[in-house]
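# Fold and contact review
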Amino acid sequence: MTTENVSFATIREQIDAHDRFVLLSHVRPDADAIGSQLGLAHSLLELGKEVTLLTEDGVPSSLAFLPGTDFIKTPDLSTEIDAEVVFALDTATKPRLGEKVNAAVAGIPHWINIDHHITNPRYANLNHIDSNAPATGEILYDFLDSTEMPIPQASAENLYAAISTDTGSFQFPSTTAKTYRIGASLLEKGVRIGEINQLLYENFPFRRIELLRELLNSLKVTGDGKVASWRLTQETVQRLGLELDDSEGLIDHLRSIQGVHVAVFFEELDTGKIRVSSRSKDDRVDVGQVCGHFGGGGHKLAAGARMTGPIETAESKFLTQVYDALEGIG
Ligand SMILES: [Mn+2]
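Moving on, we come to the overall build of the protein chain. Check the secondary structure of the protein chain and you find 12 helices and 12 strands. Its C-alpha atoms give the protein chain a radius of gyration of 20 Å, near enough to 20 Å, the size a compact globule of 330 residues would have. Along the first, second and third principal axes, the C-alpha atoms of the protein chain reach 55 × 45 × 40 Å. Relative to its full complement of 330 residues, the protein chain shows a buried share of 45%. Excluding contacts between residues fewer than 6 apart, the proportion of contacts in the protein chain whose partners are at least 24 apart in sequence is 69%.

Further remarks concern the nonpolar core. Nonpolar side chains tend to gather and get buried jointly when the protein is soluble and globular. Ranked by internal contacts, the top residues of the largest apolar core, which has 53 residues, are Leu-23, Leu-24, Val-86 and Phe-87. With seven residues, helix α2 (residues 31-46) is the largest single contributor of residues to this core. Setting aside anything within four residues of it in sequence, one finds Leu-24 in contact with Leu-54, Val-86, Phe-87, Ala-88, Leu-89, Thr-91, Leu-97, Val-101 and Val-105. Ranked by size, the runner-up nonpolar core spans 33 residues in total, among them Ala-228, Leu-242, Ile-274 and Cys-291.

As a further point, take the sheet that holds strand β2 (residues 50-54). The strand order β3-β2-β1-β4-β5-β6 describes an open sheet built from six strands, whose pairing is parallel. Of all the strands in the sheet, just β3 (72-73) and β6 (126-129) have a single pairing partner and so form its edges. Contacting β4 (85-89), β5 (110-115) and β6, helix α4 (residues 136-146) crosses the sheet at an angle of about 115° to β5.

Below, the discussion takes up the environment of Leu-240. Tracing the chain through its elements places Leu-240 in helix α9 (residues 234-240). With 129 residues separating them in the primary sequence, Leu-240 and Trp-111 have C-alpha atoms 40 Å apart. Among residues more than four places away in sequence, those in contact with Leu-240 are Arg-207, Glu-210 and Leu-211.

An order of β7-β8-β9-β10-β12-β11 is seen for the six strands of this open sheet, with the pairing classed as mixed. Strands with a single pairing partner mark the edges of an open sheet, and in this sheet they are β7 (220-222) and β11 (297-298). As paired elements, strand β9 (residues 262-268) and strand β10 (residues 274-280) share seven bridges and run antiparallel to each other. By the bridge assignment for β10, Val-264 is matched with Ser-278. On the sheet, helix α12 (residues 311-326) packs against β7, β8 (227-232), β9, β10 and β12 (302-307) and is oriented at approximately 165° with respect to β9.

A few words now on the domain arrangement of the protein chain. Split by domain assignment, the protein chain resolves into domain 1 (8-201) and domain 2 (208-326). Inter-centroid distance (C-alpha atoms) of domain 1 to domain 2 is 26 Å. At the interface, 11 residues of domain 1 touch nine residues of domain 2. Counted by class, the side of domain 1 that touches domain 2 contains three nonpolar, five polar and three charged residues.

Let us look at the packing of α2 against helix α5 (residues 153-166). Packing of α2 against α5 leaves a shortest axis separation of 8 Å and a crossing angle of 160°. The angle between the axes of α2 and α5 places the two elements in the roughly antiparallel class. Here α2 runs over α5; the crossing is left-handed. Residues Ala-31, Asp-32, Gly-35, Ser-36, Leu-38, Gly-39, His-42 and Ser-43 of α2 lie in contact with α5, whose contacting residues are Ala-154, Ser-155, Asn-158, Leu-159, Ala-161, Ala-162, Thr-165 and Asp-166. Split into classes, the residues belonging to the contact of α2 with α5 amount to six nonpolar, eight polar and two charged.

A separate point is the environment of Ala-305. Within the secondary structure, Ala-305 sits in strand β12. With 31 residues separating them along the chain, Ala-305 and Ile-274 place their C-alpha atoms 8.3 Å apart. Apart from residues no more than four positions distant in its own chain, Ala-305 is found in contact with Val-276, Cys-291, Phe-294, Gly-295 and Gly-296.

Before going further, it helps to spend a moment on the environment of Asp-246. With respect to the helices, strands and loops of the structure, Asp-246 is situated in the loop between α9 and α10 (252-255). Considered as a pair, Asp-246 and Arg-208 are 38 residues apart in the sequence and their alpha carbons are 5.6 Å apart. Among residues more than four places away in sequence, those in contact with Asp-246 are Arg-207, Arg-208 and Leu-211.

With that out of the way, let us pick up the packing of α5 against helix α6 (residues 177-188). Helix-helix packing: each pair is described by the crossing angle between the helix axes and the interaxial distance. Two numbers describe how α5 lies on α6: the axes approach to 10 Å, and their chain directions differ by 150°. Here α5 is positioned roughly antiparallel relative to α6, judged by the angle of their axes. Crossing angle aside, the handedness with which α5 passes α6 is left-handed. Contacts from Ala-156, Leu-159, Tyr-160 and Ile-163 of α5 reach α6 at Thr-179, Ile-182, Gly-183 and Leu-186.

Among the five residues in β4, five count as buried, and that is most of the element. Judged by which residues are buried, β4 turns out to be covered on both faces: Val-85, Phe-87 and Leu-89 on one side and Val-86 and Ala-88 on the other are all buried. Sheet topology note: the strand β1 (residues 20-24)/β4 ladder contains four bridges and is parallel. Its bridge partner being in β4, Leu-23 is matched across the sheet by Phe-87.

Rules behind the numbers
- Residues numbered from 1 in each chain as written.
- Predicted model: local features only at pLDDT ≥ 70, side-chain atom pairs only at ≥ 80, totals over all residues.
- Helix = DSSP H or I, 4+ residues; strand = E, 2+ residues; numbered from the N terminus.
- Rg over C-alpha atoms; globule rule 2.2 N^0.38 Å.
- Buried ≥ 20, exposed ≤ 12 C-beta atoms within 10 Å, placed from the backbone.
- Contact = placed C-beta atoms within 7 Å.
- Core = buried A, V, L, I, M, F, W, Y, C linked by C-beta atoms within 7 Å.
- Pairing = 2+ DSSP bridges.
- Axes fitted to C-alpha atoms, helices over the stretch in contact; angles between N-to-C directions.
- Domains from an automatic or database assignment.
- Nonpolar A, V, L, I, M, F, W, Y, C, P; charged D, E, K, R; others polar.
- Parallel < 35°, antiparallel > 145°, perpendicular 65-115°, else oblique.
- Left-handed = near helix turned anticlockwise from the far one by under 90°.

Set out below in structure tokens:
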């Protein structure tokens, strides 16, 4: 373990010194997770390296269009990966890589961790954690660019998807001038901007809109109009035949309400656990800290937790902490 960030040059040396790599990201992967894996993978492949890509829950069908998703494998408990170096990307804790993924790479001693979650405990041998970066994809672009690694079009499109989605289409306050410059560079490397954006943002299955209708029916605005929340029950998940990522990004509808500071999404999982996603629109309200009370974490303005059910109890416990965090904020 190292407490300091290793330099990009050190990571590049590790790449030059080895031939076989396995690239991982978190359970229930989003576009920053998958895009980071594939963005780095296409660059390593250009260098003639051998690359294995694993993800616990598989690639969500909504991201299947990203170049190279066919190569991503879902391990079972007997999978054993033969590689020299593990890259853990966009994953705040080791268990979040998933049980089967962890088992599959357990024999590999050399780990590199690249991430932007402030709560990351630096669980690898070499860590590069930058909580100022709005997306892991941005850190990876910086790394590839500064160490003169190849960035083929397939890398560029994956990194673009990673950065665009984690910044809310270059809108969140974490977005900087540098983020836009990187966006421009990625376009120069051949990102099909219209096509990729349409596939990312205008290509949802109808059941997602049915889900939105259900969520809107459960919408509550409380805390003097500062808190918006809604809930998704297993009954609805079953009835609409929802897939894991169908709700991805819908919380932005809650954020968009005038006067709302905090948005919270309560989702009942098939295990009976309650998955809580929260967003803050206000720098003074740290939802990462609120989620910390329940064993979760993430970023200041976007964080999550898993709570025990039933959903009503989780809801009232979590919202009580949110109201506390809002105390004294006008
Ligand atoms: Mn991310």
